[in-house]
Amino acid sequence: MTSLLTQAQDGFTAAFGYAPEGLWSAPGRVNLIGEHTDYNEGFVLPFAIDRRTVAALALRADGLVRVSSSAVSLSTGSLSTGSLSTGSLSTRPSSTRPSSEGTPAREFVLAAASPAAVRGWAAYPLGVAWGLGRVGAELAGLPGFDVHFASDVPVGAGLSSSAAIECALAVALNEAWRLGFDRTRLVEATHLAEHGFVGAPTGILDQSAALLSAEGAALFLDCRDGSSVPVDLGLGPAGLAVLVVDTKVKHEHVSGGYAARRAACERAARALGVRALRDVTVPQLLAARDQLDDEAYHRARHVVTEDQRVLDTVAALRAGDPQRVGELMLASHDSMRDDFEISTRELDLAVEVAMDGGALGARMTGGGFGGSAIALTPVERIPALRLAVGEAFGERGYRAPETFVVRPSQSARRELFEHTPES
Ligand code: GLA
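Fair warning: this is a prediction, and the values are worked out from it, not measured in the lab.

Chemist: What is the right way to look at the pattern of salt bridges in this model?
Modeler: Side-chain pairing between opposite charges can occur once the charged atoms of the two side chains come close. Applying the stated criterion to the full structure yields 28 salt bridges. Measuring nitrogen to oxygen at the nearest pair gives 2.9 Å for the salt bridge that ties Glu41 to Arg275. Taken as a pair, Glu41 in the loop between strand 1 (22–33) and strand 2 (43–59) and Arg275 in the loop between helix 6 (258–272) and helix 7 (282–287) lie far apart in primary sequence, 234 residues in all. Residue classification places Glu41 among the buried positions, given a relative accessible area of 18%. A salt bridge links Glu175 to Arg414; the shortest N-O distance between them is 2.5 Å. Of this pair, Glu175 sits in helix 3 (residues 161–176) while Arg414 sits in strand 13 (residues 413–415), and the two are 239 residues apart along the sequence. Relative accessible area serves as the criterion here: at 38%, Glu175 is assigned to the partly exposed category. Of the residues examined, Arg414 reaches a relative accessible area of 42% and is grouped as partly exposed. Taken together, the shared-partner salt bridges in this structure form one network comprising Arg267, Asp293, Glu295, Arg299 and Glu341.

As structure tokens, this is what we get:
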């Protein structure tokens with residue numbers, strides 16, 4: 001974390017030629033269970049991880065916005081969506097210097113920010129400013145800003161690197177612009193950034209996890225009314241940990257099947273005469289089988305059973321029954337593989353090897369079509385498990401996966417400056 005703060009701070013100075021006013025950070029997330037339920041107004045259970053994006057920011061005297069980043073991967077425009085290559089806003093090459101390992105800063109006019117008009121990853125920060133405007137900030141009367149990002153949230157791994165950018169900047173601007181918005185309003189603004197500005201038809205899972213999570217706990221979120229409670233994960237006392245297996249197969253929400261899955265869910269809800277699949281129970285769905293086409297039925301069956309699995313997982317965690325949590329995770333993976341059809345052979349293999357290696361449960365996490373799997377596992381199994389996953393991928397000629405433990409961490413926050421020791 002320390003080096004990330006230093007990187008953000010130094011990156012800002014290198015890019016803009018003066019020191020930032022403050023540092024703010026937001027985490028990536030894993031979703032323990034509750035996949036593709038958010039836009040169906042159902043339940044999710046993510047937690048913030050100890051991988052973060054830091055935004056170093058200073059307000060400007062004029063209405064310009066300049067964005068830069070130390071992470072080369074942030075400059076590719078290939079974050080979680082494939083929709084970033086269209087349009088052109090009043091963007092012009094900046095006169096600022098790039099940081100040594102970073103990308104040249106890009107410059108925009110705050111008041112001219114409009115959806116689908118910014119190229120590349122800069123759409124995320126611009127979208128946040130725009131989103132804050134949509135939820136009540138008077139952008140015309142607010143100063144522009146310079147911002148530099150540094151991050152150790154892997155991009156394209158299904159761990160919400162884009163939400164980490166959005167939420168780090170949202171808390172930064174909320175404070176610097178003295179907006180006084182509560183976290184729920186920031187969820188709304190950042191979700192608007194992704195959905196309304198970037199154009200990814202996602203739900204509120206990622207931004208909620210980054211803005212509302214508490215250390216050591218998962219966030220039990222009702223995506224219909226936005227209410228949430230922390231649920232203690234109790235990993236340490238149980239001798240358990242969550243291991244991420246990043247398959248290195250990049251997921252792409254827009255060009256992938258995400259939008260098609262969402263459309264099938266909405267079709268199913270319409271055919272069943274309900275506002276959203278949240279309103280359907282498992283017995284109701286089974287009874288209404290012949291009102292749905294085959295695809296819509298299978299997509300709906302995943303969502304409706306997944307909502308129930310989230311509720312059951314919360315109950316199991318509260319009862320201190322990790323074995324049951326593991327079973328539910330595995331059932332969730334099967335449902336995503338067979339009914340929702342968003343898994344990949346690499347994700348399936350990661351889950352299989354984790355289970356063979358003594359994990360209590362494992363599943364793909366996030367939007368699917370690549371990205372990461374998670375395994376709930378006894379701590380002492382981790383070294384063998386990591387080895388086994390690497391070997392199994394190697395045997396099949398798959399790309400070498402990356403495995404790492406994640407800890408349930410704090411949501412977005414202000415960071416203290418790093419003071420370089422005097423020499
Ligand atoms: C992505 C989206 C979320 C959610 C998940 C699937 O992470 O950004 O809104 O739909 O996929 O659960």
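Chemist: I tried to follow the environment of Ala300 on my own but got confused; where do I start?
Modeler: Of note, Ala300 is situated in helix 8 (residues 294–318). Taking the C-alpha atoms as reference points, Ala300 and Asp339, 39 residues apart in sequence, are found 8.3 Å from one another. When neighbours within four sequence positions are excluded, Ala300 is seen to be in contact with Ala268, Leu277 and Leu285.

Chemist: Would you explain the site of the ligand in this entry?
Modeler: Around the ligand, the surrounding shell holds 13 residues, and the nearest of these are Glu35, His36, Asp38, Asp206 and Tyr258. In this structure, Glu35 approaches the ligand through a side-chain N or O atom, which is 2.7 Å from an oxygen atom. Between the ligand and the protein, one listed contact pairs an oxygen atom with a side-chain N or O atom of Asp38 at 2.5 Å. Compared with its free state, where it exposes 300 Å², the ligand has 99% of that area covered by protein. When the residues that make up the shell around the ligand are grouped by side-chain class, the tally is 3 nonpolar, 6 polar and 4 charged.

Chemist: Would you take a moment to explain the sheet that holds strand 9 (residues 240–246) for this structure?
Modeler: Strand order in this open sheet of 4 strands is 10-11-9-12, and the pairing throughout is antiparallel. Across the chains shown, the open sheet's two edge strands, defined by having one partner strand only, are strand 10 (361–365) and strand 12 (402–406). Geometrically, the sheet is characterised by an average inter-axis angle of 25° between neighbouring strands, direction not taken into account. As paired strands, strand 10 and strand 11 (residues 372–378) are joined by 5 bridges and run antiparallel to one another. Residue pairing in the sheet places Gly361 in a bridge with Leu376 of strand 11. Sheet strands touched by helix 10 (residues 345–356): strand 9, strand 10 and strand 11. Its angle to strand 10, the strand with the most contacts, is close to 165°.

Chemist: I'm lost on the packing of helix 2 (residues 123–134) against helix 4 (residues 183–198) in this one. Help?
Modeler: For any two helices packed against each other, the geometry is given by the interaxial angle and the distance between the axes. For the pair helix 2 and helix 4, interaxial distance at closest approach is 7 Å and the crossing angle is 125°. The pairing of helix 2 with helix 4 is recorded here as oblique in orientation. Considering how the two elements wind past one another, helix 2 and helix 4 form a crossing that is right-handed. Along its contact with helix 2, which presents Ala123, Tyr124, Leu126, Gly127, Val128, Trp130, Gly131, Leu132 and Arg134, the element helix 4 presents Leu186, Ala189, Thr190, Leu192, Ala193, Glu194, Gly196, Phe197 and Val198. Residues that form the contact of helix 2 with helix 4 fall into these classes: 12 nonpolar, 4 polar and 2 charged.

Conventions we followed
- Residues numbered from 1 in each chain as written.
- Predicted model: local features only at pLDDT ≥ 70, side-chain atom pairs only at ≥ 80, totals over all residues.
- Heavy atoms only, no water.
- Salt bridge = Lys/Arg side-chain N within 4 Å of Asp/Glu carboxyl O.
- Helix = DSSP H or I, 4+ residues; strand = E, 2+ residues; numbered from the N terminus.
- Buried < 20%, exposed > 50% of the residue type's maximum accessible area, 1.4 Å probe, protein only.
- Contact = heavy atoms within 4.5 Å.
- Near = heavy atom within 4 Å.
- Polar contact = N/O pair within 3.5 Å; in protein donor to acceptor, adjacent residues only side chain to side chain.
- Areas by Shrake-Rupley, 256 points an atom, 1.4 Å probe, with all protein chains shown as cover.
- Nonpolar A, V, L, I, M, F, W, Y, C, P; charged D, E, K, R; others polar.
- Pairing = 2+ DSSP bridges.
- Axes fitted to C-alpha atoms, helices over the stretch in contact; angles between N-to-C directions.
- Parallel < 35°, antiparallel > 145°, perpendicular 65-115°, else oblique.
- Left-handed = near helix turned anticlockwise from the far one by under 90°.

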